[in-house]
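# Structure at a glance
Chain residues, written in single-letter form:
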Amino acid sequence: MKTIREKMKEGFVFFDGGCGTLLQAAGLKAGELPEMWNITHADEIRKIHYDYLMAGSNILKTNTFGANALKFSDEGEYSLKNVVERAIDNAREAVASAEAEKSLLADRFLSKEHYIALDIGPLGKLLKPLGDLDFEDAVELFCKTIAIGAAYGVDLILIETMNDIYEAKAAILAAKETCELPVFLTTAYDASGKLLTGADAKAVVAAAEGLGVDALGINCSLGPEQMMGIVEELAEYASVPIIVNPNAGIPRTENGKTVYDVTPDKFRDAMIRIAGLGGRILGGCCGTTPLHISSMIAAVKEMTPLPLTFKEHTLIASYTHTVEFSGKPVLIGERINPTGKSKFKQALRDHNMDYILQEGLTQQEKKADVLDVNVGLPEIDEAAMMTEVVMELQGVTDLPLQIDTTDSKAMEQALRRYNGKAMINSVNGKEEVMREVFPLVRKYGGLVVALTIDEDGIPETAEGRLAIVDKIYKKAAEYGIAKKDIIIDPLAMSVSADKESAKVTLDSLKGIKERYRGRTSLGVSNISFGLPNRDFINASFFTMAMQNGLDAAIMNPNSGEMMKAYYTFCALQGYDENFTDYIEYASKLPTVAAGNTAGGAGMGPGAADGRAGMENGTAGGGTGNDSAKDPLIEAIVKGLKERAAHLTGEYLQTMESIEIIDGKLIPALDIVGKGFEEKRVFLPQLLMSAEAAKSAFDVIKEAMQSKGAAEEKKGRIILATVKGDIHDIGKNIVKVLLENYGYDVIDLGKDVPPELIVKTAKEENIRLVGLSALMTTTVPAMEETIKMLHEEGVDCRVLVGGAVLTQEYADMIHADKYAKDAMESVRYAEEIFMSK
Ligand code: B12
């Protein structure tokens, strides 16, 4: 029998369809783990597999979606091992019975080759920094399940329904580190074409192909119609076969039951179009049945799939988006680097993370596309520091990063933890370095910068440098690294030491383009070493290099001269549609008087010292709001904890606590919230901003408490954020203010079930309960709590607050009082307790 790798190269391959929905129909109860049925209801599972085989499926997904060590233990009848092995047995037995009947059945429906895919779903916990699961723990959990399945003889590993590319990375690494089996990945996109944590399809392709998946695609969440655009995008960028396993439409609830609207006929018609767009491995997900699958297969197997083609796009990715190296040059910000920067060195020694993060954010504001990260100092642990800086930077910016180190341990650790497909700086023509770096590129993916230097040094001629390029490409190919994932840096050397040096570099750039159609990058500023006003030389050389085919520059985006060269080149070269970028940039600069070309005329902002002042306060992800110009608001928006706390301390010298809360903290979070709603800010950034707001608030809290609360308590109040809601910043502010006014607050925390609130109110004889809810979806839990308090006859008033609430809402859910802010909660408490 052909392997699945061979089979998918030949033509269409068909997955089975939905399983969970069929199990529910067969009696699976809510809350029951479907994987238990591998043992308790093996017949039902075998029947589902069998029906899909009869429908013509080639690949069966084992019933192991949630089979992981978080849900199943090592011991007993329902151990992880037993559940996984029985799942594989069930699939195998179904294949055996179907094949036994092969001769009796019309060949039209029954496929001749069958494969068993070990189905791996998400772990059900978010990874750090969004959740509390460590990346390496996730890898280990996936390894456990995969090791059992691989040892028991599955044909491939299917990682599916992933909505976080980072978790997908953990699963792919686990598969690669456990076995040699083919790895398929499908992710679940929302209607806007993004994963929950923000990645678009192109970013998923970049990261997953970098990690070496054999096929990738999309499943669940959407019906086939809604998947078309995403399939087109996958087909444009992916070189591996594309998997499409849609739901039978978007689920809706009818009389308490989940229903799917896409009939087998409609499903077939849509899948014909999906096959035409480039889908090659086709099946179904929730709500699809053997009828959907058989009807699709009957039609699609008559078609010819689009040919598999190698895609030449050179891509890197962050956890949200890609940067492509083609046409418009890519700017790689060089400021996160201690070389020649005493302040940065000190920041590294002092572990001053805010300083380092701020360097990243400033470069993003100045329009860097990628950030170079170099933290090499002899006196620090580079591997630990590199990993930490990479992780923290990815918390505040969504720009892709370039991991810049000569320490292979630091390189490996950072690549392992990086979320996306990184740029790697660097490899060169030395055998030993290639032997060290290429295996890492092969394993983790990445676009590697290759310097034209080898054991004999840097050749003095362009021809000599091209010979090294040749050697590097050939060696990389031996490791299975494509030319598109290598970006050549032909090295700029100081022109003041050798007047030929600029010319040799420019000729090399040209040669790399003409001879190899290769990608190129340069550390531009080395050219001016030893000369005064270096930016002038740098900028002119930059323009010449772009003219000779430079795809990317490692440069200082704070340099006015360099940015002028860049915007001007892009505008003149036709990379700047309607001159939009040029106009935005140039209109902020002082006008150059006609004929005045001498001296400092036309200098960009701060060009003299190479650093421009802060422009507008667009935050990581571009929140674009003027009020972000306030330093505290800006610090919160950008997620800088230490800076936010420090600035709050300063503001407290001249402002009242409540003014800072209302005038800075809340507006800052509103900016981030709006960005989040408009999908310009993603969850990790939201989280960092929340942390920064909390650290600012901690300073306020301390100041308020030190002013001293009243001696005698005026009354006792319960506060809680309702069930299902984890937002507690607002509630905590209310708490501190009430305490400050002399009330004794019993804080039940967040995500609090109504039962606990009722029980505490009863036991503690409480007269005022304050409830907080920040989401429309949790207002019903607030209503439920109020109802329960009333039903249980608790004699108390209920005060409600939170951003989504309004007076109308509060009336609707029978609250006694709606407070729009924390101060109002104090006024109401005074009303209740002072009128004894
Ligand atoms: C910070 C934040 C987070 C942080 C929360 C950290 C924490 N420990 O609280 C994190 C990152 C964890 C988070 C997670 C999520 N969030 Co959120 N988050 C926000 C954000 C940006 C700010 C909220 C905030 O703290 N504001 C500042 C405080 C001080 O204001 P406040 O709570 O309104 O409180 C004031 C008054 O309302 C009042 N008040 C509040 N409570 C009470 C209670 C009483 C008794 C009284 C008297 C007064 C009172 O007094 C306070 C002071 O004046 C908002 C957007 C926004 N601008 O509101 C989104 C927002 C609330 N989040 C949202 C969403 C969707 C989520 C997630 C579902 C995202 C996801 N996909 O996972 C999760 C929710 C998980 C869950 N189950 O709860 C949505 C909700 C949409 C909706 N309308 O339902 C919002 C509106 C963002 C958006 N525009 O899309 N979030």
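Only a predicted model underlies this, so the values are computations on that prediction, with no experimental measurement involved.

### Quick look at the overall build of the protein
A tally of regular secondary structure across the protein gives 30 helices and 25 strands. Considering only C-alpha atoms, the protein reaches an extent of 90 × 85 × 50 Å along its principal axes. Taking all 836 residues of the protein together, 55% fall into the buried category. Side chains of the protein give 90 positive and 123 negative charges; the mean places of these two sets differ by 2 Å.

### Here we look at the site of the ligand
The local shell around the ligand holds 36 residues, among which D670, I726, H727, D728 and S772 are the closest. At 3.4 Å, a backbone N or O of I729 approaches an oxygen atom of the ligand. Placement of the ligand is best described as lying within the largest pocket. Of all elements in the fold, only α24 (657-677), α25 (683-706), α26 (729-740), β23 (768-772), β24 (797-801) and α30 (822-834) reach the threshold of two or more residues within the shell around the ligand.

### Details of the layout of surface pockets
Size it by volume and the largest pocket reaches roughly 1,700 Å³. Secondary-structure elements contributing two or more residues to the lining of the largest pocket are α24, α25, β21 (715-721), α26, β23, β24 and α30. Tallying contributions element by element places α24 first for the lining of the largest pocket, with 12 residues. When the residues that make up the lining of the largest pocket are grouped by side-chain class, the tally is 29 nonpolar, eight polar and 11 charged.

### Let's talk about a nonpolar patch on the surface
The grouping of F579, Y582 and I583 at the surface amounts to a nonpolar patch, some 260 Å² of accessible area in total. Residue classification places Y582 among the partly exposed residues on the basis of a relative accessible area of 31%.

### Some words on the packing of aromatic side chains
Under the criterion given, the structure shown has 11 aromatic pairs. Between F15 and F184, the aromatic rings sit 6.5 Å apart at their centres with planes inclined by 80°, giving edge-to-face as the arrangement. Of the two residues, F15 is situated in the loop between β1 (13-14) and α2 (20-25) and F184 in strand β5 (residues 183-187); the sequence distance between them amounts to 169 residues. With respect to burial, F15 and F184 carry one shared label: buried.

### Structural notes on helix α20 (residues 560-573)
For α20, built from 14 residues, the straight-helix expectation of 20 Å at 1.5 Å per residue is met to within 8% by its first-to-last C-alpha distance of 20 Å. Extensive coverage of α20 is indicated by the burial of 10 of its 14 residues. Looking at α20, one finds that the buried residues are G560, E561, M562, M563, A565, Y566, Y567, F569, C570 and A571. Of the residues one or two after α20, G574 is the one with positive phi, at around 85°.

### Considerations on the pattern of salt bridges
Applying the stated criterion to the full structure yields 55 salt bridges. The partner of K471 in a salt bridge is D454, and the shortest N-O contact between them spans 3.0 Å. Of this pair, K471 sits in helix α17 (residues 462-478) while D454 sits in the loop between β17 (447-451) and α17; the two residues are 17 residues apart in sequence, bridging distant segments of the chain. D454 sits in the buried class, given a relative accessible area of 10%. The partner of E500 in a salt bridge is K499, and the shortest N-O contact between them spans 3.6 Å. With a relative accessible area of 37%, E500 lands in the partly exposed category.

### Notes on the coordination of the cobalt atom of the ligand
Exactly one protein atom donates to the cobalt atom of the ligand; that atom is H727 (NE2), 2.3 Å from the metal. Checked against the element boundaries, H727 lands in the loop between β21 and α26.

### A short note on the packing of helix α19 (residues 534-547) against α20
Viewed as axis vectors pointing N to C, α19 and α20 meet at an angle of 25°, and their least axial separation amounts to 8 Å. Overall, the two elements α19 and α20 adopt an arrangement that is roughly parallel. Here α19 runs over α20; the crossing is right-handed. Taken together, the residues of α20 that come into contact with α19 (itself represented by D535, F536, N538, A539, F542, T543, M546 and Q547) are E561, M562, A565, Y566, F569 and Q573.

### Some thoughts on the sheet that holds strand β16 (residues 423-428)
Spatially, the eight strands close up into a barrel ordered β13-β14-β15-β16-β17-β18-β19-β20, and their pairing is parallel. The average angle at which neighbouring strand axes cross in this sheet is 30°, direction not considered. In this structure, β16 lies alongside β17, joined through five bridges in parallel fashion. Paired with N428 across the strands is L451, a residue of β17.

### Examining helix α11 (residues 290-300)
In terms of burial, α11 is a largely internal element, eight of the 11 residues being buried. Looking only at α11, the buried set comprises P290, H292, I293, S294, S295, M296, I297 and V300. Each element contacted by the buried residues of α11 is listed here: β1, α2, α4 (42-55), α10 (264-277) and β10 (279-282).

### Comments concerning the sheet that holds strand β25 (residues 817-818)
Read from one edge to the other, the open sheet built from five strands follows the order β22-β21-β23-β24-β25, with strand pairing classed as parallel. Across the chains shown, the open sheet's two edge strands, defined by having one partner strand only, are β22 (743-747) and β25. Where β21 meets β22, five bridges bridge the pair, whose relative direction is parallel. What sits directly across from I717, in β22, is V745. Here α26 sits on the sheet in contact with β21, β22 and β23, set at roughly 155° to β22.

### Concerning the pairing of strand β7 (residues 242-245)
Residues I242 and V244 point to one face of β7 and I243 and N245 to the other, with burial holding for every one of them. Sheet topology note: the strand β6 (residues 215-219)/β7 ladder contains four bridges and is parallel. Directly across from L216, in β7, lies its bridge partner I242. Assessed by its sense of winding, the connection that carries the chain from β6 through helix α9 (residues 224-237) to β7 is right-handed. Note that β7 and β10 share three bridges and pair parallel. Opposite V244, over in β10, you have L282 as the bridge partner.

### As for the environment of A761
Within the fold, A761 resides in helix α27 (residues 754-763). In this structure, the C-alpha to C-alpha distance between A761 and I554, residues 207 residues apart in sequence, is 62 Å. Every residue in contact with A761, bar those within four places of it in the chain, is listed here: I718, I766, V769, L789 and V794.

### Considerations on the state of the cysteines
Applying the stated criterion across every chain, the model contains zero disulfides. Distance from the sulfur of C143, which forms no disulfide, to the nearest cysteine sulfur (C179) is 9.2 Å.

### Topic: the side chain of D119
Position of D119 relative to the elements: it lies in strand β3 (residues 115-120). No salt bridge forms around the buried D119; measuring N to O, its nearest opposite-charge neighbour K61 is 5.6 Å away. Here D119 is in contact with K61, T62, T64, F65, L158 and E160, once residues within four sequence places are set aside.

### Comments concerning the nonpolar core
Formed by 147 residues in total, the largest nonpolar core has its most connected members in I157 and L282. Those residues within four positions of I157 in sequence are excluded, and the remaining contacts are L118, I120, I146, A175, C179, L181, P182, V183 and F184. Counting 41 residues, the second largest nonpolar core, distinct from the first, contains A692, V745, V826 and Y828.

### Examining the environment of A299
Of note, A299 is situated in helix α11. Measuring from C-alpha to C-alpha, the distance between A299 and E225 comes to 17 Å, with 74 residues separating the pair along the chain. Those residues in contact with A299 that lie beyond four places of it in its chain are R268 and I272.

So, how was this worked out
Residues numbered from 1 in each chain as written. Predicted model: local features only at pLDDT ≥ 70, side-chain atom pairs only at ≥ 80, totals over all residues. Heavy atoms only, no water. Helix = DSSP H or I, 4+ residues; strand = E, 2+ residues; numbered from the N terminus. Buried < 20%, exposed > 50% of the residue type's maximum accessible area, 1.4 Å probe, protein only. Lys, Arg positive; Asp, Glu negative; His and termini not counted. Charge placed at Lys NZ, Arg CZ, Asp CG, Glu CD. Near = heavy atom within 4 Å. Polar contact = N/O pair within 3.5 Å; in protein donor to acceptor, adjacent residues only side chain to side chain. 1 Å grid on protein atoms, 1.4 Å probe; cavity = no way out; pocket = protein on both sides within 12 Å on 5 of 7 lines; lining within 4 Å. Sits in = over half its atoms within 2 Å of the grid points. Points joined across faces, edges and corners; volume = space filled by probe spheres on them. Nonpolar A, V, L, I, M, F, W, Y, C, P; charged D, E, K, R; others polar. Patch = residues over 30% accessible without salt bridge, like charges linked within 9 Å, V, L, I, M, F, W, Y side chains within 5 Å. Areas by Shrake-Rupley, 256 points an atom, 1.4 Å probe, with all protein chains shown as cover. Salt bridge = Lys/Arg side-chain N within 4 Å of Asp/Glu carboxyl O. Phe/Tyr/Trp six-rings, centres within 6.5 Å; stacked < 30°, edge-to-face > 60°. Expected span 1.5 Å × (residues − 1). Donors = N, O, S within 2.8 Å, 3.2 Å for Na, K, Ca; no water. Axes fitted to C-alpha atoms, helices over the stretch in contact; angles between N-to-C directions. Parallel < 35°, antiparallel > 145°, perpendicular 65-115°, else oblique. Left-handed = near helix turned anticlockwise from the far one by under 90°. Contact = heavy atoms within 4.5 Å. Pairing = 2+ DSSP bridges. Right-handed = clockwise from strand over helix to strand, strands pointing away. Disulfide = S-S within 2.5 Å. Core = buried A, V, L, I, M, F, W, Y, C linked by side-chain atoms within 4.5 Å.

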